[in-house]
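Analysis of the macromolecular model
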Amino acid sequence: MLAQKPPMGWNSWNTFATDINEELILQMADTMVEKGYKDAGYEYLIIDDCWALKKRVDGKITPDPTLFPHGMKYVADYVHSKGLKFGMYSCAGFLTCEGYPGSYGYEFEDARQFAQWGVDYLKYDFCNFPSSGDGKNAYLTMSMALRSTGRDILFAACNWGTDDPSSWMRSRGAHTYRSTGDIVDTPKSYMDIFKGQCQNIEGNAPGCYNDFDMLTVGMHGKGFVGLGGCTSEQYLQHFAMWSFLGSPLIIGGDIRNLCEEDEKILKNPDLIAINQDEECRPPFLVSSKFDKIFTFAKLLSGGRFAVAFFTLPGVEKEWDTKVSICFDDLGIHSESGISVRVRNAITGEDFGICRDGFRTQVKENECGVFICEPILK
Ligand code: GLA
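Read from one edge of the open sheet, six strands run E9-E10-E11-E16-E13-E14, paired in antiparallel fashion. Pairing within the sheet leaves two strands with one partner each, and these edge strands are strand E9 (284-289) and strand E14 (350-355). Averaged over all adjacent pairs, the angle separating strand axes in this sheet is 20°, with direction ignored. As paired strands, strand E10 (residues 293-299) and strand E11 (residues 305-311) are joined by seven bridges and run antiparallel to one another. Counted as the bridge partner of Ile-293 is Thr-311 from E11.

Here it is as structure tokens:
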């Protein structure tokens, strides 16, 4: 089954946008393996927009030979030889967002072409879609086209949240669906996505996930969407939000030269394990204080659960950033006599054995994530 868990990978758009070519993509495949991203769980290497010739050749969508001189099968084979999976991009409209040929009217031909090249993941955008067209049907058509190829191709729908995709994308065959406009590398951007989507995840389950867009972790203002950048604390908060809330984890930074701290964030084993937990249950919001301090809980496999605190900027008194969780709010009544072993998922350190609940401090722009294991008497 595809997308049993939220997909993980790297995508060219956030950093490189139009500036892509074969050499870069091959280097990224090498980097994903050599720098341990593959071992951490990142498996899809995805080429975004701008890989094609501006005009179809004999009706076929065709890689630009100056950028991809050996064609796409060659790139796919190389990516597969590294034990990774290969992703590409097309669009439901006549043209992609950057003006390259879209798949409108060519869905089955293009799907067959992608399958022949060995594509494992298709991001499907929504630019230049005819105003008279039916958006839901457009995603259904490409879904049918991909399924008809006989190849397992993960269908990553990207309609930016138009027409409330959480209410229809799963039934139309998407494995992930973008629910917002494009992320940029600023704190406000990821925080707005978080606030807009954090209660729109109840449908996250094997087979289909709400995609909060690509990560900006490590960009620090560099690259195409690098508008100003975030601090490393904020990148950790951004990554913890995406991980905890069950978004796909698609890196957008230049992984060839991220600093050690940002690499550590992207490879945090406990945050990734929460995102990839085998039960794939969505978390639920326990409380949101001042619309700034958010507490979530998520049931995990093995009888465990996780708790996350995210504090956004603008909390008036630092005192208020002392946060707590009461196990009573998670269904563990104090009379039950249950104790809970708590571990800090960010640092990996033991937090102790707690009765009734626990307290910590999570300052503005920070996060606290804890893995909790009830201990039977
Ligand atoms: C849209 C998408 C982006 C990216 C660009 C490419 O804006 O939302 O993620 O794929 O198109 O042109």
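Turning our attention to the nonpolar core. Proteins that are soluble and globular tend to have nonpolar side chains buried together. Ranked by size, the top nonpolar core spans 104 residues in total, and within it Tyr-42, Trp-51 and Phe-239 carry the most contacts. At seven residues, helix H8 (residues 232-245) tops the list of elements feeding residues into this core.

Working definition: the strands of a sheet are paired by backbone hydrogen bonds and lie parallel or antiparallel to each other. Read from one edge of the open sheet, eight strands run E7-E6-E5-E4-E3-E2-E1-E8, paired in parallel fashion. The open sheet terminates on both sides in strands that have one partner only, identified here as strand E7 (209-211) and strand E8 (249-251). Sheet twist, expressed as the average angle between the axes of neighbouring strands with direction ignored, equals 25°. Where strand E2 (residues 44-46) meets strand E3 (residues 85-91), three bridges bridge the pair, whose relative direction is parallel. Paired with Tyr-44 across the strands is Lys-85, a residue of E3. Where helix H2 (residues 22-34) meets the sheet, it contacts strand E1 (8-11) and E2, and its direction lies at approximately 160° from that of E2. Along the sheet, helix H5 (residues 107-117) makes contact with E3 and strand E4 (121-125), crossing E3 at roughly 160°.

Further remarks concern the packing of H5 against helix H6 (residues 135-148). Contact geometry of H5 with H6 gives a least axis separation of 8 Å together with a crossing angle of 40°. Overall, the two elements H5 and H6 adopt an arrangement that is oblique. Of the two possible hands of crossing, H5 and H6 adopt the one that is right-handed. Contacts between H5 and H6 pair Glu-107, Phe-108 and Ala-111 from the former with Thr-141, Met-142, Met-144, Ala-145, Leu-146 and Ser-148 from the latter. In terms of residue class, the contact of H5 with H6 is made up of six nonpolar, two polar and one charged.

With that settled, consider the state of the cysteines. Overall, the coordinates contain one disulfide when judged by the stated rule. Bridging Cys-97 to Cys-127, the disulfide has an S-S length of 2.2 Å. Its S-S torsion of approximately 95° makes the covalent link between Cys-97 and Cys-127 right-handed. Here Cys-97, found in the loop between E3 and H5, pairs with Cys-127, found in the loop between E4 and H6; they are 30 residues apart in sequence, far enough to count as distant. Taking relative accessible area as the criterion, Cys-127 reaches 18% and is therefore assigned buried. Cys-230 takes part in no disulfide bond, and the closest cysteine sulfur to it belongs to Cys-259, at a distance of 13 Å. By relative accessible area, Cys-230 is classed as buried at 8%.

Here is what the cut-offs are and how they apply
Residues numbered from 1 in each chain as written. Predicted model: local features only at pLDDT ≥ 70, side-chain atom pairs only at ≥ 80, totals over all residues. Heavy atoms only, no water. Pairing = 2+ DSSP bridges. Helix = DSSP H or I, 4+ residues; strand = E, 2+ residues; numbered from the N terminus. Axes fitted to C-alpha atoms, helices over the stretch in contact; angles between N-to-C directions. Core = buried A, V, L, I, M, F, W, Y, C linked by side-chain atoms within 4.5 Å. Buried < 20%, exposed > 50% of the residue type's maximum accessible area, 1.4 Å probe, protein only. Contact = heavy atoms within 4.5 Å. Parallel < 35°, antiparallel > 145°, perpendicular 65-115°, else oblique. Left-handed = near helix turned anticlockwise from the far one by under 90°. Nonpolar A, V, L, I, M, F, W, Y, C, P; charged D, E, K, R; others polar. Disulfide = S-S within 2.5 Å.

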